[in-house]
Amino acid sequence: MSTRIECQKRPENSKPRALRREGLLPAALYGHKGTESISLTVKTKDAETLLKGAKINNTLVDVSIPDLSWKGQALIREVQSHPWKRTLYHLSFFAVAGHGNLEVQVPIALSGMSPGVKAGGVMEQIANELTVECLPGRIPEAIEIDISNMDIGASMNAGEIVLPQGVALVGEPDITVLSVVAPTVPSAEGETAEEGELGEDAAVEETV
């Protein structure tokens with residue numbers, strides 16, 4: 001998946017608040033020339049549209065900067081926003097050309113029906129995404145996990161997940177990603193076993 005956005009070079013001495021009042025969002029591009037960065041602006045509405053389809057550290061974005069005659073693919077590295085208003089404050093892009101393998105976060109997608117869940121078990125998904133390493137052109141939109149063989153008591157570690165060709169796991173392979181656990185069975189009147197035992201003890205005390 002690749003999306004597009006057009007940026008402009010940020011005027012020197014411009015203030016972020018003043019830019020936002022004009023409908024512009026401060027942004028930055030890293031990695032296009034080693035450690036050098038470019039201060040940019042992008043239309044806030046364009047940034048909001050972009051973020052509806054692009055994911056941080058996952059989606060390749062076609063970035064163009066006409067006034068600098070620069071075009072290239074980049075990842076969104078950081079999105080700064082108001083903690084509860086969700087108003088955008090800043091975007092950071094990382095140009096991928098010439099950098100070889102990249103670390104990206106890829107969402108996990110489950111497929112199939114678990115016989116353990118069908119029998120009443122509960123699927124516990126501990127991780128919703130995996131950090132992997134691959135070339136920019138091989139970034140998967142999702143990593144599919146077939147759960148059709150997972151019965152009650154089964155679990156799957158990160159290292160057991162079959163990854164697409166050219167994609168390698170980053171991090172500990174022994175971390176549990178999925179497990180199917182037995183359902184919690186309440187007592188006849190909705191009490192837990194411990195509550196029932198306490199009730200019996202209390203009744204014995206009253207008769208003494």
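The coordinates are above.
Residues numbered from 1 in each chain as written. Predicted model: local features only at pLDDT ≥ 70, side-chain atom pairs only at ≥ 80, totals over all residues. Heavy atoms only, no water.

Caption draft 1: Local environment of the pairing of strand β10 (residues 129–134). Judged by which residues are buried, β10 turns out to be one-sided: Leu-130, Val-132 and Cys-134 face inward and are buried, whereas Glu-129, Thr-131 and Glu-133, on the alternate face, are not. Judged from the 6 bridges that link them, strand β8 (residues 102–111) and β10 form a sheet pairing that is antiparallel. Note on β10: the bridge partner recorded for Pro-107 is Glu-129. (Buried < 20%, exposed > 50% of the residue type's maximum accessible area, 1.4 Å probe, protein only. Helix = DSSP H or I, 4+ residues; strand = E, 2+ residues; numbered from the N terminus. Pairing = 2+ DSSP bridges.)

Caption draft 2: The sheet that holds strand β11 (residues 143–146), seen in detail. If you walk across this open sheet you meet the 4 strands as β11-β8-β10-β13, and the pairing is mixed. A strand with exactly one partner marks an edge of an open sheet, and here the two such strands are β11 and β13 (168–169). As defined by bridge partners, β8 adjoins β11 across 4 bridges and the pair is classed as parallel. Across the sheet, Ile-108 pairs through a bridge with Ile-143, a residue of β11.

Caption draft 3: Geometry of the sheet that holds strand β12 (residues 155–157). An order of β9-β14-β12 is seen for the 3 strands of this open sheet, with the pairing classed as antiparallel. Strand pairing shows two members of the sheet lacking a second neighbour, β9 (122–125) and β12, which therefore form its edges. Averaged over all adjacent pairs, the angle separating strand axes in this sheet is 10°, with direction ignored. Here β12 runs beside strand β14 (residues 176–181); their pairing, made up of 3 bridges, is antiparallel. Bridge pairing links Met-156 to Leu-178 in β14. (Axes fitted to C-alpha atoms, helices over the stretch in contact; angles between N-to-C directions.)

Caption draft 4: Fine view of helix α2 (residues 44–53). Every buried residue of α2 is listed here: Thr-44, Ala-47 and Leu-50. Relative to the axis of α2, the buried residues are bounded by an arc of 120° and lie together on one face. Among the exposed residues of α2, those oriented more than 90 degrees off its buried face are Lys-45, Thr-49 and Lys-52. (Arc of directions from axis to C-beta.)

Caption draft 5: Seen up close, the nonpolar core. Membership of the largest hydrophobic core comes to 24 residues, with the highest contact counts inside it found for Val-104, Leu-130, Ile-145 and Val-177. Looking at this core, the elements that each hand over two or more residues are β8, β10, β11 and β14. Counting residues per element, this core draws most heavily on β8, which supplies 4 residues. Judged by nonpolar contacts, the second largest core, of 21 residues, contains Ile-5, Val-63, Trp-70 and Phe-93. (Core = buried A, V, L, I, M, F, W, Y, C linked by side-chain atoms within 4.5 Å.)

Caption draft 6: A look at the packing of aromatic side chains. Per the counting criterion, the structure on display carries 0 aromatic pairs. Over the aromatic face of Phe-94 sits the side chain of Arg-77, whose NZ or CZ is 5.0 Å from the ring centroid. (Phe/Tyr/Trp six-rings, centres within 6.5 Å; stacked < 30°, edge-to-face > 60°. Lys NZ or Arg CZ within 6 Å of the ring centre and 35° of its normal.)

Caption draft 7: Local environment of the pairing of strand β7 (residues 88–95). Within β7, 7 of the 8 residues are buried, leaving the element largely enclosed by the surrounding structure. Bridge analysis of strand β3 (residues 24–33) against β7 gives 4 bridges, and the strand direction is parallel. From the neighbouring strand, Ala-27 faces β7, where its bridge partner is Leu-91. Note: strand β6 (residues 70–81) against β7, 7 bridges, orientation antiparallel.

Caption draft 8: Layout of the environment of Glu-36. Among the structural elements, Glu-36 can be located in strand β4 (residues 36–43). Taking the relative accessible area as the measure of exposure, Glu-36 reaches 42% and is therefore partly exposed. The contacts of Glu-36, once residues within four sequence positions are left out, are Leu-29, Tyr-30 and Gly-31. (Contact = heavy atoms within 4.5 Å.)

This is a description of form; function is not addressed.
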